[in-house]
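Each chain, letter by letter, is given below.
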Amino acid sequence: MANIDIDVGGRRYNVACRDGEEEHLKGLAATVDHHATQATQALGGLTETRHLLFAALLLADHLKEVRAGAGLPDLVPPPPDPAVAEALERLAGRMEVLAESLEREHGSA
């Protein structure tokens with residue numbers, strides 16, 4: 001298990017990931033950070049929780065546009081792909097680790 005530092009929304013987080021996935025996770029963090037920056041620019045000062053909420057909404061909006069451009073219906077998932085399912089499982093695990101870390105640092109919201 002590797003530990004890396006990522007920057008999202010002006011904050012640095014130490015996150016665990018599988019060995020060899022460090023660059024992939026850094027790329028994901030850069031994408032989230034980009035959307036967090038857009039949220040801040042559009043909405044001004046936000047609490048950290050709302051900041052990440054709006055970043056997630058911007059990411060969901062982007063995903064919706066990509067799916068629409070690919071001709072996929074809005075609410076119907078694409079055909080299952082085992083590789084995508086595995087990637088989502090890893091991402092969910094990372095998000096849980098990050099959430100636990102945030103709760104330890106700041107207490108539950």
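Before any of the text, the structure's been laid out above.
I will try to describe carefully the structure that is included in this document.

Rules and cut-offs
- Throughout, residues of each chain are indexed from 1 in the direction in which the sequence is written.
- The predicted origin of the model limits local features to residues at a pLDDT of at least 70 and limits the giving and counting of side-chain atom pairs to 80 or more, whereas totals for whole chains, interfaces and linings rest on all residues.
- Water and hydrogen atoms were dropped before computing side-chain values, which therefore reflect all heavy atoms in the structure.
- The secondary structure listing takes helices from DSSP runs of H or I that are at least 4 residues long and strands from runs of E that are at least 2 residues long, numbered from the N terminus.
- Per-residue accessibility, obtained with a 1.4 Å probe over protein chains only, is compared with the maximum for each type, and a residue is labelled buried under 20%, exposed over 50%, and partly exposed between these values.
- Note on definitions: a residue-residue contact is assigned when non-hydrogen atoms from the two residues lie within 4.5 Å.
- Note that accessible areas follow from Shrake-Rupley with a 1.4 Å probe, and for residues the cover is restricted to the protein chains shown.
- For patches, a residue must show more than 30% relative accessible area and have no salt bridge; joins then use 9 Å for like charges and 5 Å for nonpolar side chains, namely Val, Leu, Ile, Met, Phe, Trp and Tyr.
- By definition here, a salt bridge exists when the distance from a side-chain nitrogen of Lys or Arg to a carboxyl oxygen of Asp or Glu is within 4 Å.
- Grouping buried Ala, Val, Leu, Ile, Met, Phe, Trp, Tyr and Cys residues that are joined through side-chain atoms within 4.5 Å yields what is termed a nonpolar core.
- Comment: axis = line fitted to C-alpha atoms, over the contacting stretch for helices; angle = value between 0 and 180 degrees taken between N-to-C directions.
- With respect to orientation, any angle under 35 degrees is reported as roughly parallel, any angle over 145 as roughly antiparallel, any angle of 65 to 115 as roughly perpendicular, and every other angle as oblique.
- Crossing chirality is assigned from the near helix's rotation relative to the far helix, an anticlockwise turn below a right angle marking it left-handed and a clockwise turn marking it right-handed.
- Three residue categories are used. Nonpolar comprises Ala, Val, Leu, Ile, Met, Phe, Trp, Tyr, Cys and Pro, charged comprises Asp, Glu, Lys and Arg, and polar comprises the others, including Gly.

What follows is about the overall build of the chain. What the chain contains, in helices and strands, is three helices and two strands. Shown N-terminal to C-terminal, the secondary structure of the chain runs as helices and strands in the order β-β-α-α-α. Burial statistics for the chain: of 109 residues in total, 19% are counted as buried. Of the contacts formed within the chain by residues at least 6 apart in sequence, a portion of 35% connects residues at least 24 apart. In the structure as shown, the chain presents an accessible area of about 7700 Å², 59% of it carried by carbon and sulfur atoms.

A cluster of nonpolar side chains, contributed by Val 84, Leu 88, Leu 91 and Met 95, occupies part of the molecular surface with about 360 Å² of accessible area. Accessibility expressed as a relative area gives 43% for Val 84, which makes it partly exposed.

The biggest cluster of nonpolar side chains holds ten residues, and these are Ala 2, Ile 4, Ile 6, Val 8, Tyr 13, Val 15, Cys 17, Leu 25, Ala 29 and Leu 102. At the level of elements, β1 (2-8), β2 (11-17) and α1 (22-43) are the ones that each hand at least two residues to this core. The greatest single-element share of this core, amounting to four residues, is contributed by β1. Among all residues touching Val 8, those that are not within four sequence positions of it are Tyr 13, Ala 29, Val 32, Asp 33 and Leu 52.

Now for the packing of α1 against helix α2 (residues 48-69). At a minimum axis separation of 8 Å, α1 and α2 run at an interaxial angle of 110°. With respect to α2, the element α1 is oriented roughly perpendicular. The crossing of α1 and α2 is right-handed. Across the interface between the two elements, Thr 31, Val 32, His 35, Ala 36, Thr 37, Gln 38, Ala 39, Thr 40 and Leu 43 from α1 touch His 51, Phe 54, Ala 55, Leu 58, Leu 59 and His 62 from α2. Here the contact of α1 with α2 is built from residues that sort into eight nonpolar, seven polar and no charged.

Locating Glu 21 in the fold gives a position in the loop between β2 and α1. Leaving out residues up to four positions away in the same chain, Glu 21 has contacts with Arg 90 and Arg 94.

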